[in-house]
Amino acid sequence: MRAVLAWKETIREQCVYDLAFKPDGSQLIIAAGLRVLVYDATDGSIIQPLKGHKDIVYCVAYAKDGKRFASGSADKSIIIWTSKLEGILKYTHNDSIQCVAYNPVTHQLASCSSGDFGLWSPEQKSVNKHKVSSKITCCGWTNDGQYLALGMMNGVVSIRNKNGEEKVKIERPGGSSSPIWSIAWNPSKDEHNDILAVADWGQKLSFYQLSGKQIGKDRTLTYDPCCVGYFSKGEYIVMGGSDKQASLYTKDGVRLGTVGEQNSWVWTCRVKPDSNFVVLGCQDGTIACYQLIFSTVHGLYKDRYAYRDSMTDVIVQHLITEQKVRIKCRELVKKIAIYRNRLAIQLPEKILIYELYSDDSSDMHYRVKEKICRKFECNLLVVCSQHIILCQEKRLQCLSFNSVREKEWVMESLIRYIKVIGGPPGREGLLVGLKNGAILKIFVDNPFPITLLKLTTSVRCLDMSASRNKLAVVDEHNTLLVYDIKSKELLFQEPNANSVAWNTQCEDMLCFSGNGYLNIKACNFPVHQQKMQGFMVGYNGSKIFCLHVYSMSAVEVPQSAPMYQYLERKMFKEAYQIACLGVTDSDWRDLATEALEGLDFETAKKAFIRIRDLRYLELINSIEERKKRGENDNDLFLADVYAYQGKFHEAARLYKRTGHESRALSMYTDLRMFDYAKEFVGVTDPKSSRMLMTKQADWAKSSREPRAAAEMYLSAGEHLKAIDIIGEHGWADMLIDIARKLDKAEREPLAKCALHFKRLKHHGYASETYSKMGDLKALVHLHVETQHWEEAFSLVEKHPQFKNDVFVPYAQWLAENDRFEEAQKAFHKAGLQNEAVKVLEQLTQNAVVENRFNDAGYYYWMLSMQCLDIAKESEEQRGEMLKKFERFQHLAELYHVYRSIQRYTDEPFSSHMPDTLFNICRFLLNNLTKDIPPGISKVNTLYALAKQSRQLGAYKLARYAYEKLQELHIPSRFQESIELGCLTIRSKPFHDKEDLIEGMMCYRCSTNNPLLNNQGSVCINCRQPFIYCASSYDVLPLVQFYLEEDISDEDALSLIDLEVPHTDQRAARWQDIDNGDLQSLRMDEGLDDEEEDPFTAKMSFEQGGSNFVPVKVSRPVLRAMSRRDVLIKRWPRPLKWEYFRSLLPEVSITMCPTCFKMFHSEDYELLVLQHNCCPYCRRPIDEPN
């Protein structure tokens, strides 16, 4: 720290008691004699003297807002002045005014006299005054304006609030023998507490908190202090008094040095706001302004930087890790030196040597190793492992840590620069630059300096390269000179340099700063510049250490520029070394690529490892392997490198030059550069061209351009691949074009086309393709699969061998679609009788289970006909099938009639007449003599019979039915009705109506049969079976007759048709109605009884025979029969026809030509109109027989 006098003025024969700065620092207000003087603070010229006081002015104070200031005088008055230097207000106390102070926040003025103090503010008219017990010598407000501290003659500091009430009282140990002469609050905003500095005439400086608690111990002074003041930020204190000088102290009270020595007591000293200027006022009227210059005290070694902070502390900063450590010395730090693990700090009376706790490069813990308790005067301080070097102008002294002077060197000129450049402990080398331009190397253990160079100008800065081969010097003309140490030759020079440093990690790189630029120079390449403020003091790897004003920073500088300079000259090894100091990833890639192209595989490999590029590392490894195997064609290696880098045309040219055209071709095709590949091949080689086409198509396929791929395959003649792609994507139009163009001999591609059409459901295209191939079987299967049955049937007509292939799937399809009857017919058509029977049996079973007895009857009828068909075709199954035919015919009729009973019992209404139901029940019970088929309920039948019998007057039969019901298990729903019926029937006669019994007359023997017959539906007398109407189940007037053995069906038919002519009159009575295939007999008038009929004669038989004797007729009888009276059931082979003769020709009877069931003609016509088909076999009326 140096104090430089800025200006000095003297007011003759007046004592300067107080002074105050305007807050902006432009004006200085001085209390001198009877006047208040206003000075210009910059040059000390007087602006204006202010008159107003009648006695000596003791104190002045300026308000913080700069609008007004106050002065207090021995005339007991206070005057308030504006910043325009006009007096605006005056008020008085009872005693002379000792001190004044403005509140920094509210601008309230505190004025203190010998006996009291007053508080005045502009908004108040009156002044609040408070008495005190002792004379007040000084006062001061806290930074927040809440409290006022008063210093008194009796050694007491009283702290008051804004209303003047005492809050804290601090009593100094000396009492009235050590009056408080000056106090000041620390203005720093960083302090947590308000800190009060108190200076008393017990020659002590003390510090207190607002609470009255003392901070630290009293600091002993060697004089009586008259004034104490803080710098604007509170970091230093300036104090003056009886020692005729002002001294600078730290905020903790450590004396740092003298500001200015005077000839008399210093009564007042103030620091100019926000600056380093201090103004003193003295007893003899002297006013002196000094500028304080705080020099930077610091040291640097590699990446450790030590500097002075707050004058008494040392901060060591690690420039790489940014760690900092503070060492508190509590005394003025004069010099700092740092080297490796040593740190030397010079204090006023001693030198401290510190060392690091450990050898860790990032360790920041220092401990005191040695203390040299001697006062030294020196310009420069250097520390080594075991010595300290002191530099005093021309002399260098080497001291051990025990304060023993070991060596001394005296130079011929002033020493301008000194630096430790390393070496073994105890034998370090120093680089010394002198004012006369000499550069010396001194070893600590060698008394003789070695002259390295002799310049003509003074040395400013020096550095030696890492290998000690080169020396960089900055001279006083700011020129950088670089020399080869061995040859003393000047290698190069650069202008505008103020400092220089070699890179500690790279021999050929140095940097220097100057004119706001940082310059980096590698080898003898041009300088690379970038902007930078301050001094460059070190260069380590990619970090440059820069000192700007007081702060040291490590600037990360990418070493790209010098690296590229080496690359341009193909100096790959050197470029790699530079890159290691720190470059970007893209710079590493450029280095790797350049080295690879320059075939420096070792450097390229290292660089690619840095950026982890495995692809290129594989390439380098493969090239190294090939080199080991003896390959040495650099052009071929380079071609591979170019191919990897994407420089394909250069690669192709090199491949061609080295005779490896195939590699170029495969490179182009792998990269899908087919146009270049074609160019490369030329038009001469058709085989290669086809191969290229196929490869191009493969690529198009894999890169999801299927249409292009397909077209390419077609042009390369690869039809199958093309068809696969087109088929996959469903482009049917393109596919049919191919199919039409293909020759029919090319079956495989055609078959593929057809398959794809099938998959795409293009039925027409597929059938066209199969037709072209002539593959009829596939065509049939196609029609069947797509269920185009019409086309399939038309194909089967032309090619019957495919009958089974069509009808079987058709039948299955019908069955799956619940069209079972059609399915059964289709199976039948396909000749799969067993399947047909199976379907029908299943249908029948389902119908019975679901109580669809109508359907069950119909299906049994169909089953019987199916069995008849099988019997006709198969000899070995005939017997069995005919038995089945009989059984199924019987079941069909049972289910057919039971349907009516089931409807009567289960549904609320019945469409049948009571006598029809009566007949049906009797018919069913007559035929249920043996096993009862599933689904048919005897209870229902007997119940229906009982009800109808009673209704029609067959009471005996009804009683029988009720008795039978009692033996059976009756459902609960009938229970009540049947029990009631049982009771009520007893009130009826015990016989049946006559006309009901007459209805059961046998037309052969004229016997009246009982209403129920346990022998079945036959006459009890002649055993002739009854023929029933299939709708009303009345007995029809028909008698079945049989032919004699020698008469065939055809003969019988012709004999009947011959018909012996009777008289015309008789013929006129008959009407033969031949409606299509229906045979009907009608008689207009009654027959003549007189004429004898040969058939009637044949009907007679012996009474009482237990066996049935059938009616057999001979040729004459047949000839005598009328065609109108005969009904023939023309069963297909192997069954025989059945012949029936009507005995009452006036009863019109119709027979269905399909099922051969007999009906009263009126009933039949009505039913056909209702159902549009035969009610029994469901044959449509318009279907030909």
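Residues numbered from 1 in each chain as written. Predicted model: local features only at pLDDT ≥ 70, side-chain atom pairs only at ≥ 80, totals over all residues. Heavy atoms only, no water.

So the rule is basically this: UniProt positions are given in the numbering used here, feature names are shortened, and annotations may be inferred rather than shown by experiment.
If you check an unreviewed UniProt entry, the protein chain appears there as Intraflagellar transport protein 122 homolog from Haplochromis burtoni. According to the UniProt record, the Subcellular location (unreviewed entry) comment for the protein chain is "Cytoplasm, Cytoskeleton, Cilium basal body".

**Overview of the overall build of the protein chain**
Applied cut-off: Each helix corresponds to a stretch of at least 4 residues labelled H or I by DSSP, and each strand to a stretch of at least 2 residues labelled E; elements are numbered beginning at the N terminus. Contacts: residue pairs with any heavy atoms within 4.5 Å of one another. Calculation of accessible area relied on Shrake-Rupley with a 1.4 Å probe; when residues are assessed, cover is drawn exclusively from the protein chains displayed.
Within the protein chain, the secondary structure is distributed over 32 helices and 63 strands. Counting contacts in the protein chain only where the partners sit at least 6 residues apart, residues at least 24 apart contribute 44% of the total. When the accessible surface of the protein chain is split by element, carbon and sulfur atoms take 47% of a total near 56,400 Å².

**Side note on the environment of glycine 534**
To keep it simple, the criterion reads: Only protein chains enter the area calculation, which uses a 1.4 Å probe; residues under 20% of their type maximum are buried, those over 50% are exposed, and those in between are partly exposed.
Mapped onto the elements of the fold, glycine 534 is located in the loop between β52 (528-531) and β53 (535-540). Using a relative accessible area of 27% as the deciding quantity, one classes glycine 534 as partly exposed. Between the C-alpha atoms of glycine 534 and serine 499, which are 35 residues apart in sequence, the distance is 9.9 Å. Those residues in contact with glycine 534 that sit more than four places away from it in its chain are Ser513, Cys546, Leu547 and His548.

**Observations concerning unusual backbone geometry**
The omega torsion of the bond from arginine 1133 to proline 1134 falls at 0°, within 30 degrees of zero and hence cis. Within the fold, proline 1134 resides in the loop between β60 (1126-1129) and β61 (1138-1142). Positive phi is not limited to glycine here, since lysine 76 has a value of about 70°. Tracing the chain through its elements places lysine 76 in the loop between β7 (68-73) and β8 (77-82). A relative accessible area of 37% means that lysine 76 is categorised as partly exposed. Located in the positive-phi region is lysine 244, a residue other than glycine, with phi close to 60°. Note that lysine 244 resides in the loop between β23 (236-241) and β24 (245-250).

**Describing helix α5 (residues 614-628)**
Here is the rule we go by: One less than the residue count of a helix, multiplied by 1.5 Å, gives the span that helix is expected to have. Polar contact is the term for a pair of N or O atoms within 3.5 Å; when the atoms are in protein, one must be able to donate a hydrogen and the other to accept it, and sequence-neighboring residues count only if both atoms are side-chain atoms.
Spanning 15 residues, α5 covers 21 Å between terminal C-alpha atoms, matching the ideal 21 Å at 1.5 Å per step. Every buried residue of α5 is listed here: Tyr616, Leu617, Leu619, Ile620, Ile623 and Arg626. You can read the cap of α5 off the contacts: a side-chain oxygen lies 3.2 Å from the backbone nitrogen of arginine 615, and it is on aspartate 613. Count one or two residues on from α5 and you reach glycine 630, which has phi positive near 105°.

**Observations concerning the pattern of salt bridges**
Heads up, the rule is: In the sections that follow, a salt bridge refers to a side-chain nitrogen of Lys or Arg positioned within 4 Å of a carboxyl oxygen of Asp or Glu.
A complete count under the given rule lists 30 salt bridges for this structure. A salt bridge links glutamate 556 to lysine 543; the shortest N-O distance between them is 2.9 Å. Of the two residues, glutamate 556 sits in strand β55 (residues 551-556) while lysine 543 sits in strand β54 (residues 543-548), which places them 13 residues apart along the sequence. Classification of glutamate 556 as partly exposed rests on a relative accessible area of 46%.

**As for the sheet that holds strand β5 (residues 46-50)**
Defined as follows: Strands are labelled as partners when DSSP assigns at least two bridges between them. For helices, the axis comes from a line fit to the C-alpha atoms of the stretch in contact; other axes are also lines fit to C-alpha atoms, and the angle between any two N-to-C directions lies between 0 and 180 degrees.
One open sheet accounts for 4 strands, arranged β2-β3-β4-β5; its pairing is antiparallel. Both outer strands of the open sheet, β2 (16-21) and β5, are each paired with one neighbouring strand and no more. Neighbour-to-neighbour, the strand axes of this sheet turn through a mean angle of 20°, independent of strand direction. Sheet analysis places strand β4 (residues 35-40) next to β5, joined by 4 bridges and oriented antiparallel. Residue pairing for β5: valine 36 is matched across the bridge by leucine 50.

**Digging into the sheet that holds β53**
Backbone-to-backbone hydrogen bonds pair the strands of a sheet. The strands run either parallel or antiparallel. Here 3 strands make up an open sheet; going across it, the order is β53-β54-β55 and the pairing antiparallel. Edge positions in the open sheet fall to β53 and β55, since each of these has one partner strand only. Taken pair by pair, the neighbouring strands of this sheet meet at an average axis angle of 25°, ignoring direction. Where β53 meets β54, 5 bridges bridge the pair, whose relative direction is antiparallel. Within β54, the position partnered with phenylalanine 535 by the bridge is leucine 547.

**Thoughts on the side chain of arginine 959**
What counts, and what does not: The sign given to each residue is positive for Lys and Arg and negative for Asp and Glu; His and the chain ends receive no count.
Relative to the helices and strands, arginine 959 resides in helix α25 (residues 955-966). Despite being buried, arginine 959 has no salt bridge partner; glutamate 963 is the closest side chain of opposite charge, sitting 5.8 Å away. Residues in contact with arginine 959, not counting those within four places in the same chain, are Ile985, Arg986, Lys988, Pro989 and Phe990.

**Here we look at the packing of helix α2 (residues 572-582) against helix α4 (residues 601-610)**
Operational definition: Each angle gets one of four labels, with under 35 degrees taken as roughly parallel, over 145 as roughly antiparallel, 65 to 115 as roughly perpendicular, and the rest as oblique. Crossing handedness is defined as follows: a turn of the near helix away from the far one that is anticlockwise and smaller than a right angle gives a left-handed crossing, while the clockwise case is right-handed. Three classes are used: nonpolar for Ala, Val, Leu, Ile, Met, Phe, Trp, Tyr, Cys and Pro, charged for Asp, Glu, Lys and Arg, and polar for all others, with Gly counted as polar.
Between α2 and α4, the shortest axis-to-axis distance is 9 Å and the interhelical angle comes to 20°. As far as their axial angle goes, α4 and α2 are roughly parallel. When you trace α2 past α4, the crossing you get is left-handed. Here Phe572, Lys573, Tyr576 and Cys580 of α2 lie close against α4, whose contacting residues are Glu602, Thr603, Lys606, Ala607 and Arg610. A class-by-class count of the residues in the contact of α2 with α4 yields 4 nonpolar, 1 polar and 4 charged.

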